[in-house]
Amino acid sequence: MGTFSLSLLFILSFLLLLPSLFASSSPQALVDEVHRSLNGSRRNLGYLSCGTGNPIDDCWRCDPNWEQNRQRLADCAIGFGKNAIGGRDGKIYVVTDSGDDDPVTPKPGTLRHAVIQTEPLWIIFKSDMVIQLKEELIMNSFKTIDGRGASVHISGGPCITIQYVTNVIIHGIHIHDCKQGGNAMVRSSPSHYGWRTVSDGDGVSIFGGSHIWVDHCSLSNCHDGLIDAIMGSTAITISNNFMTHHDKVMLLGHSDSYTQDKNMQVTIAFNHFGEGLVQRMPRCRHGYFHVVNNDYTHWEMYAIGGSASPTINSQGNRFLAPDIRFSKEVTKHEDAPESEWKSWNWRTEGDLMLNGAYFTQSGAGASSSSYAKASSLSARPSSLVSNLVSGSGVLNCRKGSRC
């Protein structure tokens, strides 16, 4: 269908809507109705959108030539980590060797050799591979690890560390069964290596990092957290991931006494928190956290918790409580009496509560400006969560076709 025909259809659709549009109660309602109409028309025509309503996926997944346009992904981020460009402006680096024999002198062609380089790089994989790291993978700034088109597992050893660096994207990787490492020398750049003490055993450890985006990964069964962000980290988006079989899922904020985390801003969007999860989805301290349009189908203790007065803005999520009688509460106010936590700003807005789930709100009212720093994108209705998270986790991307 040509451009002229598409334009004509849009005009006709708009004209047919005019009576109902002018009956709208406000100018904003008019604008919203126009947007809904045009977006619906585009979806029906298969134009500009794959129809999921997920703004990240609809930005790039429709393109059958994604493999030739890989770095376009960097322009599709949303939320507080939306400015993470990773290796967008650098060369493509192809990982050809799954080995990790020498953390101090890594071989060219290995993932470790790629991530420590100084220049921006967009890192992809020649074939399916399982990478068992000898020590934690210490990343340098302006790197993207892009697993699309291959089945890439980082497992069975220490995993990914993003420490005091910026602009990192991790996309399309299976990260599981991560172990502690350390008491060893590890290289972090072409010009520096140093002694590392024992690592936590996180899937992804963000330590003093900024402009970080973790998208479409599948994470499970690590020693400590699946994704932890501490020690002044900020400008982070965690999106479209599938998380399963783990106890302490996500820690955001180092400790109650580490007040530098007051500036932390994290968006958690379109993730599926699945079977075998216990708690910390996430557990927050001090900062500002936007938890939006996620699907919570499993928890054993609680879903969202925190201490040290974090601001938590929960919007458009779906919470399915477990059958456990005393685990219906979504929230857990940690390490403080009610007289203290009742002033913490935690709100639920448009969340869908199922099987007896309930959210204990606190602090300012739902419409308060106190949530401005914990707002990073417009939430979609919770009734759409199934569509929004339908592609969570690692995608099966084939060259020459849509992901």
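Residues numbered from 1 in each chain as written. Predicted model: local features only at pLDDT ≥ 70, side-chain atom pairs only at ≥ 80, totals over all residues. Heavy atoms only, no water.

(A) The arrangement of the overall build of the chain in detail. Secondary structure summary: the chain contains six helices and 31 strands in total. Per-residue burial for the chain yields a buried fraction of 55% across its 403 residues. In the chain, the share of contacts with a sequence separation of at least 24, taken over all contacts with a separation of at least 6, comes to 63%. Surface accessibility of the chain: about 17000 Å² in total, with carbon and sulfur atoms responsible for 51%. (Helix = DSSP H or I, 4+ residues; strand = E, 2+ residues; numbered from the N terminus. Buried < 20%, exposed > 50% of the residue type's maximum accessible area, 1.4 Å probe, protein only. Contact = heavy atoms within 4.5 Å. Areas by Shrake-Rupley, 256 points an atom, 1.4 Å probe, with all protein chains shown as cover.)

(B) Summary view of the nonpolar core. Counting 66 residues, the largest nonpolar core has Leu111, Phe125, Ile162 and Met243 as its most contacted members. With near-sequence residues (within four places) excluded, Phe125 lies in contact with Val94, Val95, Leu111, Ile131, Ile145, Asp146, Gly147, Ala150, Val152 and Ile173. (Core = buried A, V, L, I, M, F, W, Y, C linked by side-chain atoms within 4.5 Å.)

(C) Summary view of the state of the cysteines. Counted by the stated rule, this structure contains three disulfides. The partner cysteine of Cys59 in its disulfide is Cys76, sulfur to sulfur 2.0 Å. Classification of the bridge connecting Cys59 and Cys76 rests on its S-S torsion, roughly -65°, and on that basis the disulfide is left-handed. Of this pair, Cys59 sits in helix α3 (residues 55–60) while Cys76 sits in the loop between α3 and β1 (91–95), placing them 17 residues apart in sequence. Residue classification places Cys76 among the buried residues on the basis of a relative accessible area of 2%. (Disulfide = S-S within 2.5 Å.)

(D) Spatial organisation of the sheet that holds strand β9 (residues 174–176). Taken together, nine strands build an open sheet; the order of strands is β3-β6-β9-β14-β17-β21-β25-β28-β31 and the sheet is parallel. The outermost strands of the open sheet, each flanked by one partner alone, are β3 (129–131) and β31 (352–354). Two strands pair when backbone bridges link them, and β3 and strand β6 (residues 152–155) are joined in this way by three bridges, in the parallel orientation. Pairing of Val130 across the sheet is with His153, part of β6. (Pairing = 2+ DSSP bridges.)

(E) Molecular detail of the packing of aromatic side chains. This structure, assessed with the given rule, holds five aromatic pairs. With a centroid separation of 5.4 Å and an interplanar angle of 90°, the aromatic rings of Tyr164 and Phe207 are classed as edge-to-face. On the criterion of sequence distance, the pair formed by Tyr164 in the loop between β7 (160–163) and β8 (166–171) and Phe207 in strand β12 (residues 204–207) is long-range, its members being 43 residues apart. With relative accessibility at 22%, the residue Phe207 sits in the partly exposed group. When the ring of Trp344 is compared with that of Trp346, the centres are 6.0 Å apart and the planes differ by 40°; the resulting orientation is tilted. Each member of the pair, Trp344 together with Trp346, is buried. Taken together, the ring pairs in this structure connect Phe273, Tyr296, Trp299 and Phe319 into an aromatic cluster. Note that Arg347 overlies the ring of Tyr371, its terminal NZ or CZ placed 4.4 Å from the centroid. (Phe/Tyr/Trp six-rings, centres within 6.5 Å; stacked < 30°, edge-to-face > 60°. Lys NZ or Arg CZ within 6 Å of the ring centre and 35° of its normal.)

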